[in-house]
Amino acid sequence: MEIAVKQHYRKEEEPLLEELSEQLKRAQDEYRPILTRFLNPRERFILEQLKGRFSDVKVAYAGGYPEAERKRALLYPEYYQPVVSDFELALIEVDYPTKFAQLSHGQVLGSLVNIGLERQVLGDIITDGLRYQFVTQANLASYFCNQVQAIGKVKVRLKEVALETLVNALDEWQAETMTVTTIRLDAVISHAYHFSRQVAKEMIKQKKVQVNWMMVEKPDYVLAQADIISVRGFGRIRLDQLMGPTKRAKQRLAISILKKKK
């Protein structure tokens, strides 16, 4: 990976740059489809930027449904026509006693990653408010079904179901624009949730904030387009677009906010 390319990204994103560049090169050199792991919005944003250096490679995405937050990418040559099966996705439903127990997104995710697999093998966790499903790699479907028998204190049974039976996911993201003096992490959090910068700084230092599912402990961490910020106890912020500076040199941002249910 050339230094000229790396300088446009964060230091911690360098392994991702190497990974995606290598996969793009393979798709180009081997002239065949290459399937990636699940990518979050920031990772897909970076892939789209890197793709410009590989003119012979096209990219398609799938995550089980069009609005999926996490998707696998298929890198393929011009002659190839992607089909759904190329993405090797499986849909797993959580069977649990809905009349007597409640689950949350966090509980489901925690149980899934606690069996020793990386977050990157998981797509979205989807719920209609009662039923829970999640998308994963097809080759890991049986492993999840065999390993997970409880979520929190609730006994569950995981079963693979057809992708066509995916529930109508609740969309509780609220789109809005904001104007901030800086796109530092503490500034964006305090503006989105309407508390002081000092409170935001303390939450970051107390390890209550993640950016793209990685712990960040620096209040002055500079955000970038497509970042997703998770704030424990409050919810998530998605930085959809950097809209440029105002006449007073402030920054206009298009964001979406997902507030945690009380």
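For the structure, see preceding data.
A short tour of the structure in this document, coming up. It should be emphasised that the depicted structure is a prediction, and the values quoted were computed from it without experimental measurement.

### Examining the side chain of arginine 72
If you trace the backbone, arginine 72 turns up in strand β3 (residues 71–77). No salt bridge is formed by the buried arginine 72, whose closest oppositely charged neighbour, glutamate 88, lies at an N-O distance of 4.4 Å. Among the polar contacts made by the side chain of arginine 72, one reaches the main-chain carbonyl oxygen of glutamate 88 at a distance of 3.3 Å. Look past the residues within four positions of arginine 72 in its chain and what remains in contact with it is Leu35, Thr36, Arg37, Phe38, Ala60, Tyr61, Ala62, Phe87, Glu88, Leu89 and Gln137.

### Some words on unusual backbone geometry
The phi torsion at glutamate 88 lies on the positive side, around 50°, for a residue other than glycine. Within the secondary structure, glutamate 88 is located in the loop between β3 and β4 (89–95). The exposure class assigned to glutamate 88 is partly exposed, which follows from its relative accessible area of 44%. The residue tryptophan 213 is not glycine, and still its phi comes out positive at about 70°. With respect to the helices and strands, the residue tryptophan 213 is situated in the loop between β11 (209–211) and β12 (214–215). A relative accessible area of 21% means that tryptophan 213 is categorised as partly exposed.

### Comments concerning the environment of tyrosine 143
Of note, tyrosine 143 is situated in helix α5 (residues 141–147). On the accessibility criterion, tyrosine 143 (31% relative accessible area) is partly exposed. For tyrosine 143 and serine 111, which are 32 residues apart along the polypeptide, the C-alpha to C-alpha distance reads 13 Å.

### So, the packing of helix α6 (residues 185–193) against helix α7 (residues 197–205)
Between α6 and α7, the shortest axis-to-axis distance is 8 Å and the interhelical angle comes to 120°. It follows from the interaxial angle that α6 and α7 lie oblique. Relative to α7, the crossing made by α6 is right-handed. Between α6 and α7, the residues in contact are Leu185, Asp186, Ala187, Ile189 and Ser190 and Arg197, Ala200, Lys201 and Ile204, respectively. A per-class count over the contact of α6 with α7 returns five nonpolar, one polar and three charged.

### Considerations on the sheet that holds strand β2 (residues 57–62)
Pairing is antiparallel in the open sheet, where three strands are placed in the order β1-β3-β2. The sheet terminates laterally at β1 (34–39) and β2, the two strands that pair on one side only. For this sheet, the mean inter-axis angle between neighbouring strands, taken without regard to orientation, is 25°. With four bridges connecting them, β1 and β3 associate as antiparallel partners. Residue pairing for β3: isoleucine 34 is matched across the bridge by leucine 75. Running over the sheet, helix α2 (residues 14–30) touches β1, β2 and β3 and is turned about 155° from β1. With respect to the sheet, helix α3 (residues 41–51) is in contact with β1, β2 and β3, its orientation differing from that of β2 by roughly 165°.

### Let's talk about the environment of glutamate 202
Here glutamate 202 lies in helix α7. For glutamate 202, a relative accessible area of 33% translates into the label partly exposed.

### Some points on the nonpolar core
Burial of nonpolar side chains together is a common tendency in soluble globular proteins. Within the largest apolar cluster, 24 residues are counted, with the highest numbers of intra-cluster contacts made by Leu185, Ile189 and Ile229. Put simply, the parts of the chain that give this core at least two residues each are β10 (174–180), α6, α7, β11, β13 (228–231), β14 (235–245) and β15 (251–259). The greatest single-element share of this core, amounting to five residues, is contributed by α6. Apart from the residues within four sequence positions on either side, leucine 185 is in contact with Ile204, Val209, Val211, Val216, Lys218, Pro219, Tyr221, Leu223 and Ile229. By size, the runner-up hydrophobic cluster in this structure holds 23 residues, among which are Tyr96, Ile115, Tyr132 and Leu158.

### Thoughts on the pattern of salt bridges
For side chains of opposite charge, pairing can occur when their charged atoms come near one another. Applying the stated criterion across every chain yields a total of 17 salt bridges. In this structure, lysine 11 engages glutamate 14 in a salt bridge whose closest nitrogen and oxygen atoms are separated by 3.7 Å. Between glutamate 13 and arginine 42 there is a salt bridge, with the nearest N and O atoms lying 2.9 Å from each other. Placement of the pair is glutamate 13 in the loop between α1 (3–6) and α2 and arginine 42 in helix α3, with a sequence separation of 29 residues.

Calculation notes
Residues numbered from 1 in each chain as written. Predicted model: local features only at pLDDT ≥ 70, side-chain atom pairs only at ≥ 80, totals over all residues. Heavy atoms only, no water. Helix = DSSP H or I, 4+ residues; strand = E, 2+ residues; numbered from the N terminus. Buried < 20%, exposed > 50% of the residue type's maximum accessible area, 1.4 Å probe, protein only. Lys, Arg positive; Asp, Glu negative; His and termini not counted. Salt bridge = Lys/Arg side-chain N within 4 Å of Asp/Glu carboxyl O. Polar contact = N/O pair within 3.5 Å; in protein donor to acceptor, adjacent residues only side chain to side chain. Contact = heavy atoms within 4.5 Å. Axes fitted to C-alpha atoms, helices over the stretch in contact; angles between N-to-C directions. Parallel < 35°, antiparallel > 145°, perpendicular 65-115°, else oblique. Left-handed = near helix turned anticlockwise from the far one by under 90°. Nonpolar A, V, L, I, M, F, W, Y, C, P; charged D, E, K, R; others polar. Pairing = 2+ DSSP bridges. Core = buried A, V, L, I, M, F, W, Y, C linked by side-chain atoms within 4.5 Å.

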